[in-house]
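Reading the structure
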Amino acid sequence: MMDWGIVLASLITAVGGAMTTLMMVMRKENTQDHAKVVDALDTLSGNVDKIGTKLDGHIDWHLKGVPNGKIIAGNKSAKPKRNIKA
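Described in the following lines is the structure provided in the data block. (Residues numbered from 1 in each chain as written. Predicted model: local features only at pLDDT ≥ 70, side-chain atom pairs only at ≥ 80, totals over all residues. Heavy atoms only, no water.)

Now for the overall build of the protein chain. Looking only at helices and strands, one finds one helix and zero strands in the protein chain. A buried classification covers 5% of the 86 residues belonging to the protein chain. When the accessible surface of the protein chain is split by element, carbon and sulfur atoms take 65% of a total near 8,100 Å². (Helix = DSSP H or I, 4+ residues; strand = E, 2+ residues; numbered from the N terminus. Buried < 20%, exposed > 50% of the residue type's maximum accessible area, 1.4 Å probe, protein only. Areas by Shrake-Rupley, 256 points an atom, 1.4 Å probe, with all protein chains shown as cover.)

Written as structure tokens, this is what we have:
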């Protein structure tokens, strides 16, 4: 008769080898996906900084008080307020 210990050890080795190979393939794909995400976040990071600067300038513009949406004489950088209806 066959020694079931050898059969069981061979079966465990085969299953373990297949699982290891599968995990290595998935790990490579995961690393590539993470690289793509990091590139996208770097791009967005620059855009967010630009938007933050624009927003700070816009808030400052509101705080300086442009009366009735009209441009203050001599201040060509100020733009009139828009009437936004909800």
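What follows deals with a nonpolar patch on the surface. Taken together, Leu8, Leu11, Ile12, Val15 and Met19 make up a surface patch of nonpolar side chains, about 500 Å² in accessible area. Positionally, Leu11 belongs in helix α1 (residues 4-64). (Patch = residues over 30% accessible without salt bridge, like charges linked within 9 Å, V, L, I, M, F, W, Y side chains within 5 Å. Salt bridge = Lys/Arg side-chain N within 4 Å of Asp/Glu carboxyl O.)

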